[in-house]
Amino acid sequence: MQDSSVTADYEVEPLGQSNGVCSCCGSETRLVWGFVHSPAGTVASYQVHWTAGAGLGCHPANYDFVIGPWGEGASPADRIAVSLMHFENEDGPGVMVIDAGGRPPAGSGLAASALDRESVIGTELAATAFAIFDTVFLQDTRLYK
């Protein structure tokens, strides 16, 4: 995670949530969603999906973002989908960019395109996506409950 001062201008607006069942272990899954705002307006929507009670080592959490402007005059052509995975391994917790093409936002009609990992890594968009991750992780109190 980044220094919290990087995300000081972002604020989460939690919206809905739902539950399901993990197809591989039968545990409860959870999905929460909302928006991330800056003083200039909404910068992203988000969905976080994880398996309750299962550690991130065996069931990583998926963070799906639709990044770009929302509201009056904005359209899906102005937004892109980016996905991250929050995991844990022998080195501890980590976050990495994954291909967004197979994730729910790719077919949602909310973004013009869903980016693959190679299109995000090493770009300014990667810094934005990680700042949005940090904001959601720190501010959405529903996560991993």
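This text goes with the structure placed above it.
Residues numbered from 1 in each chain as written. Predicted model: local features only at pLDDT ≥ 70, side-chain atom pairs only at ≥ 80, totals over all residues. Heavy atoms only, no water.

What about helix α2 (residues 124-139)?
So, point 1. Between its first and last C-alpha, α2 extends 23 Å over 16 residues, near the 22 Å set by a 1.5 Å rise per residue.
So, point 2. Where α2 begins, the capping side chain belongs to Thr123, and its oxygen is found 3.2 Å from the backbone nitrogen of Leu125. (Helix = DSSP H or I, 4+ residues; strand = E, 2+ residues; numbered from the N terminus. Expected span 1.5 Å × (residues − 1). Polar contact = N/O pair within 3.5 Å; in protein donor to acceptor, adjacent residues only side chain to side chain.)

Describing the packing of aromatic side chains
So, point 1. Counted under the stated rule, the structure contains six aromatic pairs.
So, point 2. Seen in terms of ring centroids, Phe35 and Trp70 are 5.3 Å apart; in terms of plane orientation they differ by 75 degrees. Their pairing is edge-to-face. One end of the pair, Phe35, is in strand β2 (residues 28-38); the other, Trp70, is in the loop between β4 (61-67) and β5 (80-89), and 35 residues separate them in sequence.
So, point 3. Taken together, the aromatic side chains of Trp50, Tyr63, Phe65, Phe133, Phe137 and Tyr144 make up a single cluster linked through ring pairs.
So, point 4. Just above the ring of Trp70 sits the side chain of Arg79; from NZ or CZ to the centre is 3.8 Å. (Phe/Tyr/Trp six-rings, centres within 6.5 Å; stacked < 30°, edge-to-face > 60°. Lys NZ or Arg CZ within 6 Å of the ring centre and 35° of its normal.)

Topic: the pattern of salt bridges
If the charged atoms of two oppositely charged side chains come close together, the side chains can form a pair.
So, point 1. Overall, the coordinates contain three salt bridges when judged by the stated rule.
So, point 2. For Arg30, the salt bridge goes to Glu28, with nearest N and O atoms at 3.1 Å.
So, point 3. Overall, Arg30 belongs to the partly exposed group, its relative accessible area being 21%.
So, point 4. The class of Glu28 is partly exposed, set by a relative accessible area of 31%.
So, point 5. Residue Arg103 is joined to Asp64 by a salt bridge in which the shortest nitrogen-to-oxygen separation is 2.9 Å. In this pair, Arg103 sits in the loop between β6 (92-98) and β7 (113-114) while Asp64 sits in strand β4, placing the two residues 39 residues apart along the sequence. Just as Arg103 is buried, Asp64 falls in that class too. (Salt bridge = Lys/Arg side-chain N within 4 Å of Asp/Glu carboxyl O. Buried < 20%, exposed > 50% of the residue type's maximum accessible area, 1.4 Å probe, protein only.)

Looking at the layout of surface pockets
So, point 1. Computed from the structure, the largest pocket encloses a volume of approximately 170 Å³.
So, point 2. In terms of lining residues, the largest pocket is bounded by 15 residues, among which Trp33, Ser45, Tyr46, Gln47 and Leu110 are the most central.
So, point 3. Those elements that place two or more of their residues in the lining of the largest pocket are β2, β3 (41-51) and β4. (1 Å grid on protein atoms, 1.4 Å probe; cavity = no way out; pocket = protein on both sides within 12 Å on 5 of 7 lines; lining within 4 Å. Points joined across faces, edges and corners; volume = space filled by probe spheres on them.)

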